[in-house]
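Structure at a glance
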Amino acid sequence: AWLRRDNPGARPLTVFVVAASFWAVAEGLGLAAAGFETLRFWKQVGLTLAAVIPVAWLVTVLEYTGTDNWLDRRTLAALFVVPTAFVVFVWTNSAHGLVWTSGYREFVGAYSTFGMEFGLAFWAHETYSYLLVAAGALLLVRIILQTDGLYRQQSTALLAAVAVPLLGNALYVFGLFPGRFDPTAVLYIVSGIALAIAMFRSELLHIAPAIRDMGRKALLSDLDDPVLIVNRE
């Protein structure tokens, strides 16, 4: 993705993949941790990385679909207000208990993870993240319904990249996943596979709806000949 960083969606997709990858690493280090303090530390690292992912994914979709005209630096900064506040709450939770009201060691087979009772800030950030994902998903569904072939394959891969971890996350936060283990970070491996297939087989980030629109605009603006747009008759 970074090698194609000049194409629409490549830079934010790089952020998405890097954050998801390091979240999986943090989850693994947390499972391997012996002390409770270390366990909590890696959970905080994971939650910090998780806060970046919904915004990065939405910006990726906006650039990919060519609907990012309104997305300037001020708007992007506004999108990061809630995640930034959440990260601050994560690292200062002992003073207020807004992210988790109580934390404890949760055993998963021979390993253990950091279990917690979710606080108000956690639910607020979950709601915000789901809204961002839903907004991006609607744009991708529109592309899937209106196009076929390459664009449909690319959009489906982008949708799967966030839908699979999101489903796992929903099962976890609502207590429906067995063992109270958070599978979200691990399921981003599925996202990586879907994105890799889309990049190498469906030319994701090389041929995108946004590039098509850019080409059309460039063609019309650079064309020296007059163009008449008429109706069917």
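An account of the accompanying structure is given in this report. Note that the coordinates shown come from a computational prediction; the quantities given were computed from them, not determined experimentally. (Residues numbered from 1 in each chain as written. Predicted model: local features only at pLDDT ≥ 70, side-chain atom pairs only at ≥ 80, totals over all residues. Heavy atoms only, no water.)

1. A short note on the overall build of the protein chain
Within the protein chain, the secondary structure is distributed over nine helices and two strands. In the protein chain, the succession of helices and strands from N to C terminus is α-α-α-α-α-β-β-α-α-α-α. For the protein chain, the C-alpha atoms occupy an extent of roughly 70 × 35 × 35 Å along the three principal directions. Residues classed as buried in the protein chain amount to 41% of the 233 residues present. A separation of at least 24 residues holds for 67% of the contacts in the protein chain among residues at least 6 apart in sequence. (Helix = DSSP H or I, 4+ residues; strand = E, 2+ residues; numbered from the N terminus. Buried < 20%, exposed > 50% of the residue type's maximum accessible area, 1.4 Å probe, protein only. Contact = heavy atoms within 4.5 Å.)

2. Focus: the side chain of Thr60
For Thr60, the location among the structural elements is in helix H2 (residues 36-65). Classification of Thr60 by relative accessible area gives buried; the value is 1%. Those residues within four positions of Thr60 in sequence are excluded, and the remaining contacts are Gly9, Pro12, Leu13 and Leu158.

3. Notes on a nonpolar patch on the surface
Together, Trp123, Leu167, Leu171, Phe174 and Leu176 line one region of the surface with nonpolar side chains, adding up to about 520 Å² of accessible area. Take Trp123: it is sitting in helix H6 (residues 120-146). (Patch = residues over 30% accessible without salt bridge, like charges linked within 9 Å, V, L, I, M, F, W, Y side chains within 5 Å. Areas by Shrake-Rupley, 256 points an atom, 1.4 Å probe, with all protein chains shown as cover. Salt bridge = Lys/Arg side-chain N within 4 Å of Asp/Glu carboxyl O.)

4. Let's talk about the nonpolar core
Buried together is how nonpolar side chains tend to be arranged in soluble globular proteins. If you look at the biggest cluster of nonpolar residues, it comprises 38 residues, and the most contacted ones within it are Leu13, Phe16, Trp57, Leu195 and Leu204. Sorting the residues of this core by element identifies helix H1 (10-32), H2, H6, helix H7 (150-173) and helix H8 (184-201) as the ones contributing at least two each. Apart from the residues lying within four places of it in its own chain, the contact partners of Phe16 are Ile53, Ala56, Trp57, Ala161, Tyr188 and Leu195. Judged by nonpolar contacts, the second largest core, of 15 residues, contains Leu47, Met116, Phe122 and Tyr172. (Core = buried A, V, L, I, M, F, W, Y, C linked by side-chain atoms within 4.5 Å.)

5. Comments concerning the packing of aromatic side chains
Aromatic ring pairs are reported here in terms of the distance separating the ring centres and the angle at which the planes meet. Applying the stated criterion to the full structure yields eleven aromatic pairs. On the numbers, 5.8 Å between centres and 80° between planes, the contact of Phe16 with Tyr188 is edge-to-face. Here Phe16 is found in helix H1, whereas its partner Tyr188 is found in helix H8, with 172 residues between them in sequence. With respect to burial, Phe16 and Tyr188 carry one shared label: buried. The interplanar angle of 75° and the centroid separation of 5.8 Å between the aromatic rings of Phe118 and Tyr172 together place this pair among those described as edge-to-face. (Phe/Tyr/Trp six-rings, centres within 6.5 Å; stacked < 30°, edge-to-face > 60°.)

6. Topic: H2
Over its 30 residues, H2 runs 44 Å from end to end, which matches the ideal 44 Å to within 8%, given 1.5 Å per residue. Just past H2, the residue Gly66 takes up positive phi, approximately 75°. (Expected span 1.5 Å × (residues − 1).)

7. Notes on the pattern of salt bridges
Applying the stated criterion across every chain yields a total of three salt bridges. With a shortest N-O distance of 2.3 Å, Glu37 and Arg40 are connected by a salt bridge. Of this pair, Glu37 and Arg40 both sit in helix H2, three residues apart, which is roughly one turn of the helix. For Arg40, a relative accessible area of 26% gives the class partly exposed. Residue Asp182 is joined to Lys43 by a salt bridge in which the shortest nitrogen-to-oxygen separation is 3.8 Å. Taken together, the residues Asp182 in the loop between H7 and H8 and Lys43 in helix H2 connect sequence positions 139 residues apart.

8. Observations concerning the environment of Ala51
By secondary structure assignment, the location of Ala51 is in helix H2. According to the relative accessible area criterion, Ala51 is buried, its value standing at 1%. Separated by 101 residues in the primary sequence, Ala51 and Arg152 place their C-alpha atoms 28 Å from one another. Ignoring any residue separated from it by four or fewer positions in sequence, one finds Ala51 in contact with Pro83, Phe86, Val87 and His125.

9. Let's talk about the packing of H1 against H8
Contact pair H1 / H8: the axes reach a minimum separation of 9 Å and the direction vectors enclose 145°. When you trace H1 past H8, the crossing you get is left-handed. Where H1 approaches H8, its residues Leu13, Phe16, Val17, Ala20, Trp23, Ala24 and Glu27 are matched on the opposing element by Thr184, Ala185, Tyr188, Leu195 and Met199. (Axes fitted to C-alpha atoms, helices over the stretch in contact; angles between N-to-C directions. Left-handed = near helix turned anticlockwise from the far one by under 90°.)

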